[in-house]
Each structure stands twice: as structure tokens, then as C-alpha cells.
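Listed below are the residues making up each chain.
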Amino acid sequence: MRLVGAELAESREILPDQWLQTFHAPGLVAGARAGQFVHVRTGDYSGLILRRPFSINTADPGTGMLTIHFRAIGRGTEWFTRLRPGDRVDMLGPLGRPFEVDPRSRHLLLVAGGLGMAGIRLLVDEAIRDGRRVTLLFGAARAAEVYPSTLLPDEVEYVVATDDGSLGHRGFVTELVPDYEAWADQSFACGPQPMLAALARLAEGRRGRLGVARLGRKRGGGKVVPAGSAAARRKAFLQVSMEQNMGCAVGACLGCVVMATSGTPQRVCREGPVFASDEIAWEAGW
Amino acid sequence: MKAKRRVVTSGDARPTGNLSTGPKRTPTIRRIKSAIVPASASASQGGRRGGRDQGAADGTSARATSPVSEAAGRSDVVVDLSVDLGRGLVLPNPILVASGTFGYGVEYGEVVEVDRLGGICCKGTTLKPRIGNVTPRVTETPGGMLNSIGLQNPGVDAVIDRYASTWVGWRTPVIVNVAGESVSDYVEVVRRLDGVPGVAGIELNISCPNVGRGGLQFAIDADAAAGVTAAVRRATDLPLLVKLSPNVADVRPIARAIADAGADALTAINTLSGIAVAPGHGRPLLGNVYGGLSGPAIKPIALRVVYEVAQVVSIPVIAIGGVTELADVLDYLAVGAVAVQVGTAIFADPTLPVRLVDELDEECRRRALPSYRPLIGTALPRKPAAPSSKGVEYRP
């Protein structure tokens, strides 16, 4: 975690009201991993007093460039859209715990809903760099809100679902998952909470549907892996990136919690934002 | 009544056995001390020791006679920023971090130089672990934020277990914020904290607006507030701060009752109860509906409360509410606070409290003051204002 001044290099509206901004923040990019986020201060100190959390959309340690992808939805995000190249913002990060990819996983199934793409985009780069096969399922309301495939690496298989059927599969992105769940070694998702909950239910019944034999010792059998540890997450089929209103983003204020199956609320900013799908108490209504 | 264990942690506490009144456990008799003890080194103010009002007078006279004006701008002059809150609790400077905004002091890691803070008030701690309120728990409002964490914490034993060993190593005093649902809760938590190395003091949170039972009920009634303060006072000799709520009609009788019950200092103010509506949904935004408003939006209210409280009690008052820059610190000092807590602004700028320490030091040098104390209480009236003869005047 570092507090740095980041200089805006490029800002463009890639989709209606959705912006992609590139910042130069070499000190922060160096240790950044997929799933982590940055907490950025707006310059309008008079009324906006909280920082804004953004997923690290892409990070390039070579150039020190980091991108964030967001929807202009309120006064804070609108302030960011008015930034011009050369402007500096105060950036805290990288924060949170990243996605944990098992070194043995060859096939990764990534699922993003709408702006959830921002939370999962860096994992595409990391997985392809590590020589894994990646299928990315993306859901949006309509064709106009579909993330442009030109912003994705060529190696990724990109499958789109839209609610109104204007592009790709007509319906929810979760309906595409059964076609791929046998192929995938691990799955990662980011998006609206109902989507994540549906994916978690699918992941729960996966072994039964696929008829995975429970023969002999499981991988790492016998070892007790504490829930919530990196190792436990690495073993989980589905990891999800959660979202919550955030205050401090370092774990001090306890504002951004999600209810866990353990009964103790977990901080999205500290224990998350990435959780194994079975860590989250989806029915708790938090 | 059975005699209870008594732990003496500071030389200030006197044995109470020689008092002839019945029970052995009478409230600790306290010598009313000056809010701040003038530094022995400051020659300009030597010999003039008194209460807060005296402090204000000191300020004016120090400036008028100005025996130290030649020190202006000299970088080798050491400005005395220390604050003595009594019972051996001396803060290295008057800039603290407020409860709930700085966790247990460890969360910000190397981003904040913890050892340069004047004090840390840790997250509200209860006897048993609490899971807190349902989400969403925080939202931004114009010039402030609402929170309804609901006192999520792992319980006092876990807090001592996990953090006390870290606190021992810090130069900065850690003041544990204590909350509870009943007087016995408060007393038990404090008893467990008593004597734990690394715990420098207690801040009684009798004013949390976000929990159903406990919390606020103690802060809105002078008798209840005095009762819990006195009970805790009997249970510990740790320095005892009590946090006042602004969610009352008149805070002065409550402040006076708490001071009389044996508190060493008051902190003012806790958050104001408020509500936000989810944009476009037409329903309450926060999971708990009610939240506590903090940030610059509440500063005028906090200033008013500190101004009122500082005139009716002789114990130190620590101000909280929307401190975002040095001017805010100076404002609070002017209305009689001896120290300030920085809260919500930490979320935007974690380095702010440490910077304020430097800026206050710089400001004292600029004004050629050997200490920040002449800045205290300059906005207070010289004598209590006469009752208004105009019926329409607002008198909270």
C-alpha cells in the first residue's frame, strides 16, 4: 500500500457514460495484481470528502501505467471525467487481496457483468501472460453497453450475452456458464451481486452435475486450510470480486463489509474484494 | 458491598480508606486540576497557573508583553505542544485521531507515521464481539458522510490479545473507546482494560447513535451519563474521557454531570443522527436507516457544543468534528478545546493528522509562542454572558 500522486495520461469515454482513464503511477503499479483496487481522492475538497475506489483495470509495470474503468454515476465520478491529461490525483493502493490462480489451472472461466469487467480485466492479461486459456463471458443490458472486444487481447475467447438479445446470447450471462463449467479449472467473476449469487449457486452444484469422482485423496487432502486464506481461495472453483460502499479502504472503518458464512462480517477492502464463493453468506441479505 | 480489586497505575490516585463514609469503595476523590499544566520551561507564563479562563488570560498577556518575540522565526526554538489530560496521560501533541476512523492504529501501515500522532482513539470496543449493522453502512453526503457501522468489533479480550502488544511499542498513547449496553458492560470492559500495558486511557462512548440498545441512551440524560461515568471511575484509575453526543437539547447539564462524576476529560462531539435516501429508489440508503453524520458539515455544531461545554466544566475538552485543516484546529482551540481529534478527513487524506502537528508547530513559531496554549479559549467570553432580556433570542 502506497500513497502516490498519479498523473492522468489519457481519458476517453469508451461506452456511453463509461470512461477509461490511464494514469502514470509507477510506484503503485509495481506490486499490483488482478483483483486489487486503488482509492482515489477527488480534487473537489469542498463537498466530496470520501475517496473513490476503482478496480485496477490494467497495470503495466513496464511503463508504470494503470487504467481505471468507471461509469459516471454521481458527483465524484463526474469530477473524474473532467480531468485533463497532465492533471494529478492522489492515489492510495494497491489495496485488497488479489484473485488467486492455482498454478495447475490451465483453463480459466471469467464472468463479468457490466462494469464488473473493470474488476476482472487485469486477470485476463495475467492469465494470458502465464500461458493459460481464457474464456470471458460478458453480460450487458444491450449491445451499446458491450465492452469493445478491441480492448481485449486476441488470445481470449469472448462470449457476450445481452438482456434484450441485441448482441450475442439473449438473456443472462449466467445462462452461458453450464457450457463451459466442465472445461474450466477455475472461475472468476465480478459484477452485480445477484449475478454473483447465481454463479455461486451454479458452482455449488457443479461437482454433482459433472459427476466428478470422489476417488482417493483430493488434491492437498488431509491438510487443513483455514477458510479465507489464499490457499483456500486457490482451491475454490469460483472466486468473486465483491462491491460495497467504502470509507477508508484500509480496514479501519468497517464500512464495507459483506456477511460471511463464518458469521463474522468480512471487510471488502481488506479480506476482499476477492472472496471464494463459499465464503459469502449470499442469503444473509447484507 | 464487597471491596473490589483496586489497581493504582498512577501516583495521582490517593487511597480512599481514610474517608469515614460507610462503603470502602467510594468514588476516587480528585483534585481539580488545570486543563493543561503550564510547561515549567515557559518563563513568560511562570507562576500563573489556573483553570481554563486563566489560560485565556495568559494568552492575551503573553502576546501583549511578548517577552519571547525575538524567538519569532527561529527554527531552533522548541514549541511545547504537549497536553496533560491528568492521571499521568500526557499527549505529545494536541492532534488525535478519532475513534472509528483509524481502526486499531495498525491498518494504515507505513502510510501514516503513527508515532507522530498526539493520541489514537481506537474503534469502539464492547465486552462481547459484535457483528454490527447490515450494509450499506456508509455513504457520502454534502460535506460529510453518514455511517452506521453498529459497533462491529471482536470484543475487548480479542482487542487486548491482538493489539495491546503493538501499542506498547508506540510513543503515541492509545485511548481505547469503550461502548456497552448497560453500566455493567462498561464496567466489565474497563476492568479488563485496566492495567493492560499499552492502554493509556479510556474514552467512554456513551453516544453512539447507531445501536439499538445502549449507546445513546446514556448520553441524553445527565443522571444516566453521570451514573455510568461514576461506575467506570470506580473500576479504574486509567485516565477517563467521556464522549458527548450532540443529539440533545442542551449538552451543558450533561457535561457538568459527567465532569462531577469523575471524568478526566470530555470529547465533543460524536456524530449527529441522520438519514439518507437511496437515489432513484425512494427508500432508506443505509441498512440501519439511521446513520451518524460526520465531516466538515458538522463543524459549526461541534464548535457550538465545545464553546458551551468549555464554559461549564473545568476539565479539558477535546474537540471533534470536521477538522480538515489547521484553521479548524485553531478554531476549536479558540472556543476552549485543549486538543482536537481528526476523524472523517483521514479517509480522504491519511497523512493529515501528522501534517496538522507540523502546521500547528509552524503556526506557533510564526506567532512567537513557546507553546500552543495561548491559543486556547480566546473566543470564550470573559465572564458568563448575562441572561438575555430579549425573549426571541436563540438560546439552546
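Please read these numbers as outputs of a predicted model, since none were measured by experiment.

Section: the overall build of chain A
Helix and strand content of chain A: 6 helices and 16 strands. In chain A, buried positions account for 57% of the 286 residues. Within chain A, contacts between residues at least 6 apart in sequence are counted, and of these 65% link residues at least 24 apart. When the accessible surface of chain A is summed, it comes to about 12,200 Å², and 50% of that surface belongs to carbon and sulfur atoms.

Brief notes about the sheet that holds strand β11 (residues 272-275) of chain B
All names here are of chain B. Taking strand neighbours across the sheet as the criterion, the 4 strands line up as β5-β6-β12-β11 in an open arrangement whose pairing is antiparallel. Every other strand in the sheet has two partners, leaving β5 (138-141) and β11 as the edge strands with one partner each. The average undirected angle you get between the axes of adjacent strands in this sheet is 40°.

Some thoughts on the confidence of the model for chain B
Residues at a pLDDT of 70 or more form 75% of chain B, whose mean pLDDT is 81. Every residue in residues 7-22 of chain B scores below 50 in pLDDT, and together they form 25 contacts with partners more than four places removed in sequence or on other chains.

With respect to the packing of aromatic side chains
All names here are of chain A. One pass over the structure, following the stated rule, counts 10 aromatic pairs over all chains. Where Phe-70 meets Phe-80, the ring centres are 6.1 Å apart and the plane angle is 65°; that geometry is what we call edge-to-face. A residue pair is termed long-range when its members are at least 10 positions apart, and Phe-70 in strand β6 (residues 65-71) and Phe-80 in helix α2 (residues 75-81) qualify at 10 residues. The same class applies to Phe-70 as to Phe-80, namely buried. One Lys or Arg, Arg-206, reaches over the ring of Phe-237 and ends 3.7 Å from the middle of that ring.

Here we look at the pairing of strand β12 (residues 290-294) of chain B
Residues and elements named next belong to chain B. In this structure, strand β6 (residues 144-147) lies alongside β12, joined through 3 bridges in antiparallel fashion. In the strand pairing of β12, Met-145 is matched with Ser-294. The pairing of β11 with β12 spans 4 bridges and is classified as antiparallel. Looking at β12, one finds that Ile-275 is bridged to Tyr-290.

As for helix α9 (residues 352-366) of chain B
Residues and elements named next belong to chain B. Between its first and last C-alpha, α9 extends 20 Å over 15 residues, near the 21 Å set by a 1.5 Å rise per residue. Listed as buried for α9 are Leu-352, Pro-353, Val-354, Leu-356, Val-357, Leu-360, Asp-361, Glu-363, Cys-364 and Arg-365. Looking at the buried positions of α9, the neighbouring elements they touch are β3 (95-97), α7 (326-334), β14 (339-342) and α8 (345-348). Positive backbone phi, at 60°, marks Ala-368, one or two positions downstream of α9.

Focus on the sheet that holds strand β16 (residues 274-276) of chain A
Residues and elements named next belong to chain A. One open sheet holds the 7 strands; their spatial order is β11-β10-β9-β8-β12-β13-β16, and the pairing between them is mixed. Edge positions in the sheet fall to β11 (169-170) and β16, since each has one partner strand and no second. When strand β9 (residues 133-140) meets strand β10 (residues 157-162), the two strands line up parallel, connected through 6 bridges. Looking at the pairing, Gly-139 lines up with Ala-161 of β10.

Notes on the packing of α7(B) against α9(B)
Residues and elements named next belong to chain B. For the pair α7 and α9, interaxial distance at closest approach is 10 Å and the crossing angle is 65°. Taken together, the axes of α7 and α9 lie roughly perpendicular to each other. Our pair here, α7 against α9, has a crossing hand that is right-handed. For the pair α7 and α9, the contacting residues are Leu-326, Val-329, Leu-330 and Leu-333 in the first and Leu-356, Glu-359, Leu-360 and Glu-363 in the second. Broken down by class, the residue content of the contact of α7 with α9 amounts to 6 nonpolar, no polar and 2 charged.

Some remarks on the interface of chain B and chain A
Contact residues are listed per partner, giving 35 residues for chain B and 29 residues for chain A. Carbon and sulfur atoms supply 62% of the area that chain B and chain A bury against each other, a total of about 2,500 Å² over both sides. Scanning the region where chain B abuts chain A turns up 2 salt bridges. Ionic pairing is found between B:Glu140 and A:Arg52, a salt bridge with its closest N-O pair at 2.6 Å. Across the chain B-chain A interface, the total number found is 9 residue pairs in polar contact (both at pLDDT 80 or more). Those elements that provide at least two residues to the side of chain B that touches chain A are β5, β6 and α8 of chain B. Top contributing element to the side of chain B that touches chain A by residue count: β5(B), with 4 residues. Residue composition of the side of chain B that touches chain A, by class: 15 nonpolar, 14 polar and 6 charged.

Quick notes on the nonpolar core
Side chains of a nonpolar character, in soluble globular proteins, are inclined to be buried together. Residues B:Trp167, B:Ile206, B:Tyr332 and B:Tyr372 are the most contacted members of the largest nonpolar core, which totals 144 residues. Counting only domains with at least three residues in this core, you end up with domain 1 (2-95) and domain 2 (107-211 + 218-284) of chain A.

Regarding empty space enclosed by the protein
Residues and elements named next belong to chain B. This structure, assessed with the given rule, holds 6 cavities of 30 Å³ or more. In this model, the largest cavity occupies a volume close to 460 Å³. Around the largest cavity, the lining comprises 32 residues; the ones closest to its centre are Ser-99, Gly-100, Asn-147, Asn-270 and Thr-271. When its residues are assigned to classes, the lining of the largest cavity shows 12 nonpolar, 18 polar and 2 charged.

Here we look at the pattern of salt bridges
Inspection of every chain in the model, using the stated rule, returns 33 salt bridges over all chains. A:Glu100 is the salt-bridge partner of A:Arg33, the closest N and O atoms lying 3.9 Å from each other. Pair noted here: A:Arg33 is in the loop between α1 (26-29) and β3 (37-41) and A:Glu100 is in the loop between β7 (88-95) and β8 (107-113), with a separation of 67 residues, a long-range link. For A:Glu100, a relative accessible area of 9% gives the class buried. Two residues, B:Asp237 and B:Arg87, come together in a salt bridge whose shortest N-O distance is 3.4 Å. With B:Asp237 in the loop between α4 (222-235) and β9 (240-244) and B:Arg87 in the loop between β1 (83-84) and β2 (90-91), this pair connects stretches of sequence that are 150 residues apart. Here the salt bridges do not stand alone but share partners, grouping A:Arg41, B:Asp349, B:Arg355 and B:Glu359 into one network.

Let's talk about the packing of α4(B) against helix α5 (residues 252-260) of chain B
Residue and element names in this part refer to chain B. Running from N to C, α4 and α5 point in directions that differ by 25°, and their axes come no closer than 8 Å. It follows from the interaxial angle that α4 and α5 lie roughly parallel. Seen from above, α4 lies across α5 with right-handed handedness. Contacts between α4 and α5 involve Ala-222, Ala-225, Ala-226 and Thr-229 from the former and Pro-253, Ile-254, Ala-257 and Ile-258 from the latter. For the contact of α4 with α5, the class distribution of residues is 7 nonpolar, 1 polar and no charged.

The rules behind the values
- Residues numbered from 1 in each chain as written.
- Chains lettered and ligands numbered in written order.
- Predicted model: local features only at pLDDT ≥ 70, side-chain atom pairs only at ≥ 80, totals over all residues.
- Heavy atoms only, no water.
- Helix = DSSP H or I, 4+ residues; strand = E, 2+ residues; numbered from the N terminus.
- Buried < 20%, exposed > 50% of the residue type's maximum accessible area, 1.4 Å probe, protein only.
- Contact = heavy atoms within 4.5 Å.
- Areas by Shrake-Rupley, 256 points an atom, 1.4 Å probe, with all protein chains shown as cover.
- Pairing = 2+ DSSP bridges.
- Axes fitted to C-alpha atoms, helices over the stretch in contact; angles between N-to-C directions.
- pLDDT = per-residue confidence, 0-100.
- Phe/Tyr/Trp six-rings, centres within 6.5 Å; stacked < 30°, edge-to-face > 60°.
- Lys NZ or Arg CZ within 6 Å of the ring centre and 35° of its normal.
- Expected span 1.5 Å × (residues − 1).
- Parallel < 35°, antiparallel > 145°, perpendicular 65-115°, else oblique.
- Left-handed = near helix turned anticlockwise from the far one by under 90°.
- Nonpolar A, V, L, I, M, F, W, Y, C, P; charged D, E, K, R; others polar.
- Buried area = accessible area lost by both parts, 1.4 Å probe.
- Salt bridge = Lys/Arg side-chain N within 4 Å of Asp/Glu carboxyl O.
- Polar contact = N/O pair within 3.5 Å; in protein donor to acceptor, adjacent residues only side chain to side chain.
- Core = buried A, V, L, I, M, F, W, Y, C linked by side-chain atoms within 4.5 Å.
- Domains from an automatic or database assignment.
- 1 Å grid on protein atoms, 1.4 Å probe; cavity = no way out; pocket = protein on both sides within 12 Å on 5 of 7 lines; lining within 4 Å.
- Points joined across faces, edges and corners; volume = space filled by probe spheres on them.

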